[in-house]
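# Structural overview
Below, each chain spelled out in residue letters.
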Amino acid sequence: MPPTLNPIDLVSRINRDVERSLLRARNGVRYVRGTHAPQVGATPKEVVWKRGKAELWRYRNDAVRFGPPVLIVHSLVSRSYILDLRPGNSLIEYLTNAGLDVFLLDWGVADELDADNDLARYVDFYIPRAVAAVKRESGADEITLVGYCLGGVLTALYAAGYEAAPVRNLILMATPIDFDQMGAMVAFLREGRLNAEELVDDTGNVPADVLYSGFYMQAPTTEIAQKATLLDNLWNDEFVEGFQAMGQWSRDHVPFPGALFRELVEELVRKNVLMTGAIRVGERKIELANARGNVLNAMAERDNVVPPAAVEPVMNLIGDPARREELRLPGGHVTFGTGRSAVKHTMPRLTGWIIEHSDELPAAKES
Amino acid sequence: MSAKPLWLRAVIRLERAVGEPVEAAVRTDTYFDLMSKATRTTASAKRKVAGTSTRALHLLNLPAGTDVKRMREQLSRMERRINQLSERVEELD
């Protein structure tokens with residue numbers, strides 16, 4: 001808007017600028033000191049099952065209108081609160097407000113006790129027990145199973161590996177299948193470069209800072225533009241809180257279990273075995289086509305971490321061809337699940353699909 | 001949100017001018033090969049330094065960092081094994 005010489009407008013603009021300067025100073029001091037960090041993962045929940053570091057959380061909902069319950073299995077690479085970052089920017093909150101009974105399987109922070117956890121440990125131990133706990137807590141016979149990124153690989157293998165898996169709907173969000181299309185994220189681990197063992201530390205796990213470096217190097221200069229944008233918006237409390245929350249999550253990486261890392265490098269990165277349609281997990285071979293339920297393959301169109309080309313093969317490999325659907329959403333690997341684009345596109349479309357493939361319960365039940 | 005001020009647009013433009021070639025460079029096979037070699041070289045150098053300090057400490061009959069690391073690894077293996085056995089007992093119950 002061009003500047004105006006109207007005295008009232010001028011006074012108003014001066015007042016606004018003075019107020020913003022004061023807010024900038026206050027928020028700037030808070031940001032530098034690290035005080036007033038926003039609360040993340042705030043949607044009320046309780047732990048309904050626990051095994052080792054793994055916890056199953058049930059989100060409080062006094063108005064569950066649809067069944068079956070939704071179980072979200074997060075990736076092991078990052079913290080799960082990205083799906084519940086802040087009020088008004090939370091997939092969990094959105095699903096809960098829509099009348100769904102929502103559970104999340106959180107993996108905690110791996111340490112030396114988790115170093116031997118391999119694919120079978122997650123697919124054949126943790127996930128079946130978590131699913132049983134969801135059925136027990138909710139009284140439901142089936143579930144809607146959602147997997148994000150590596151969580152999608154684990155849930156797909158569970159749904160395909162158990163004939164009696166009570167999966168009505170399987171939603172895979174940004175789930176890598178074709179690792180030849182994964183680009184820079186796995187390039188260091190290809191044959192002739194680093195072996196998995198070289199990245200594992202004396203706890204038996206891949207350290208969190210190795211994973212952080214891997215993500216950071218995808219776009220090493222963007223922090224400059226982000227900090228400049230923060231400076232311009234330092235007067236805006238909501239912007240600053242959102243920025244801090246996102247910054248906290250992006251730095252909050254966790255160690256990755258060594259045994260699983262070795263298995264993923266050898267089988268998925270180097271042999272690209274998922275593209276054959278089958279993979280050995282523990283003592284048995286799992287055929288991906290056997291995955292139970294309706295399959296929704298959700299991907300982010302500008303995902304540089306798990307590009308669409310790595311995700312698209314779900315449509316040829318996982319589950320019953322007649323029950324597969326694809327959903328392309330705007331955003332990147334993280335921003336398609338959280339942020340303005342997610343609130344506008346991902347959350348309503350994902351929720352709408354789940355409700356379309358769920359049943360309306362006879363009456364709103366207390367949970 | 002109002003339009004970005006001139007200075008911010010300039011910063012973003014500059015960041016992209018530098019960032020795009022950097023991002024392209026860190027996606028090349030040359031970069032991946034170089035970084036893999038650098039990681040191995042660093043690890044090898046650390047092992048040599050650790051080896052020298054270990055020998056020096058052992059001469060004085062003192063434990064070295066590698067001894068502590070080995071013990072920690074053994075304790076972790078034992079703890080994992082105990083965990084597995086506890087789980088099996090729990091499953092039987």
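Everything numeric here is computed off the predicted structure, so don't read it as measured data.

Criteria and cut-off values
- Residues numbered from 1 in each chain as written.
- Chains lettered and ligands numbered in written order.
- Predicted model: local features only at pLDDT ≥ 70, side-chain atom pairs only at ≥ 80, totals over all residues.
- Heavy atoms only, no water.
- Helix = DSSP H or I, 4+ residues; strand = E, 2+ residues; numbered from the N terminus.
- Rg over C-alpha atoms; globule rule 2.2 N^0.38 Å.
- Buried < 20%, exposed > 50% of the residue type's maximum accessible area, 1.4 Å probe, protein only.
- Contact = heavy atoms within 4.5 Å.
- Areas by Shrake-Rupley, 256 points an atom, 1.4 Å probe, with all protein chains shown as cover.
- Lys, Arg positive; Asp, Glu negative; His and termini not counted.
- Charge placed at Lys NZ, Arg CZ, Asp CG, Glu CD.
- Expected span 1.5 Å × (residues − 1).
- Axes fitted to C-alpha atoms, helices over the stretch in contact; angles between N-to-C directions.
- Parallel < 35°, antiparallel > 145°, perpendicular 65-115°, else oblique.
- Nonpolar A, V, L, I, M, F, W, Y, C, P; charged D, E, K, R; others polar.
- Buried area = accessible area lost by both parts, 1.4 Å probe.
- Polar contact = N/O pair within 3.5 Å; in protein donor to acceptor, adjacent residues only side chain to side chain.
- Salt bridge = Lys/Arg side-chain N within 4 Å of Asp/Glu carboxyl O.
- 1 Å grid on protein atoms, 1.4 Å probe; cavity = no way out; pocket = protein on both sides within 12 Å on 5 of 7 lines; lining within 4 Å.
- Points joined across faces, edges and corners; volume = space filled by probe spheres on them.

## A few points about the overall build of chain A
Within chain A, the regular secondary structure consists of twelve helices and 16 strands. Radius of gyration (C-alpha) of chain A: 22 Å, near the 21 Å computed for a compact globule of 367 residues. Considering only C-alpha atoms, chain A reaches an extent of 80 × 60 × 35 Å along its principal axes. Split into buried and exposed, the 367 residues of chain A put 56% on the buried side. Long-range contacts, defined as pairs at least 24 residues apart, comprise 78% of the intrachain contacts of chain A with a sequence gap of at least 6. By element, 53% of the accessible surface of chain A is carried by carbon and sulfur atoms, the whole surface being about 15,800 Å². Averaged over its 40 positive side-chain charges, chain A has a centre that lies 3 Å from the centre of its 49 negative ones.

## Here's the deal with helix α2 (residues 29–59) of chain B
Taking 1.5 Å per residue as the helical rise, α2 of chain B with its 31 residues ought to reach 45 Å, and the 45 Å between its terminal C-alpha atoms agrees with that figure. Buried within α2 of chain B we find Y31, F32, S36 and T54 of chain B. Summarising the contacts, the buried residues of α2 of chain B are in contact with α5 (184–187) of chain A together with α1 (6–25) and α3 (65–92) of chain B. A positive backbone phi angle near 60 degrees is found at N61 of chain B, which sits one or two residues after α2 of chain B.

## Examining the packing of helix α3 (residues 119–138) of chain A against helix α4 (residues 150–161) of chain A
All names here are of chain A. The contact between α3 and α4 brings their axes to 10 Å, and the two run at 75 degrees. Taken together, α3 and α4 sit at an angle that is classed as roughly perpendicular. Taken together, the residues of α4 that come into contact with α3 (itself represented by L119, Y122, V123, I127, P128 and V131) are L154, T155, L157 and Y158. Residues belonging to the contact of α3 with α4 are distributed by class as follows: nine nonpolar, one polar and no charged.

## A look at the interface of chain A and chain B
Counting residues at the interface gives 32 residues for chain A, matched by 33 residues for chain B. When chain A packs against chain B, close to 2,900 Å² is buried across both sides, 55% of that on carbon and sulfur atoms. The largest share of the area that chain A buries against chain B comes from L113, R193 and D202 of chain A, three residues that together contribute 22% of it. Here chain A is connected to chain B by ten residue pairs in polar contact (both at pLDDT 80 or more). Mapped by element, the contributors of at least two residues to the side of chain A that touches chain B are α3, α5 and α7 (222–232) of chain A. If one sorts the elements of the side of chain A that touches chain B by residue count, α7 of chain A sits on top with seven residues. When the residues that make up the side of chain A that touches chain B are grouped by side-chain class, the tally is 15 nonpolar, eight polar and nine charged.

## Description of the pattern of salt bridges
Residues and elements named next belong to chain A. Tallying each qualifying case throughout the model produces 28 salt bridges over all chains. With a shortest N-O distance of 3.6 Å, R270 and E191 are connected by a salt bridge. A residue pair is termed long-range when its members are at least 10 positions apart, and R270 in helix α9 (residues 258–270) and E191 in the loop between α5 and β10 (205–206) qualify at 79 residues. A cluster of three or more residues bridged by salt bridges with shared partners is formed by K53, D111 and D114.

## Examining empty space enclosed by the protein
Residues and elements named next belong to chain A. Taken as a whole and assessed by the stated rule, the structure comprises three cavities of 30 Å³ or more. Here the largest cavity is characterised by a volume of approximately 110 Å³. Contributing to the lining of the largest cavity are 14 residues, with L76, W107, A110, D114 and Y122 lying nearest its centre. Partitioned by chemical class, the residues of the lining of the largest cavity number ten nonpolar, two polar and two charged. Here the second largest cavity is characterised by a volume of approximately 70 Å³. The residue inventory of the lining of the second largest cavity, partitioned by class, reads four nonpolar, five polar and two charged.

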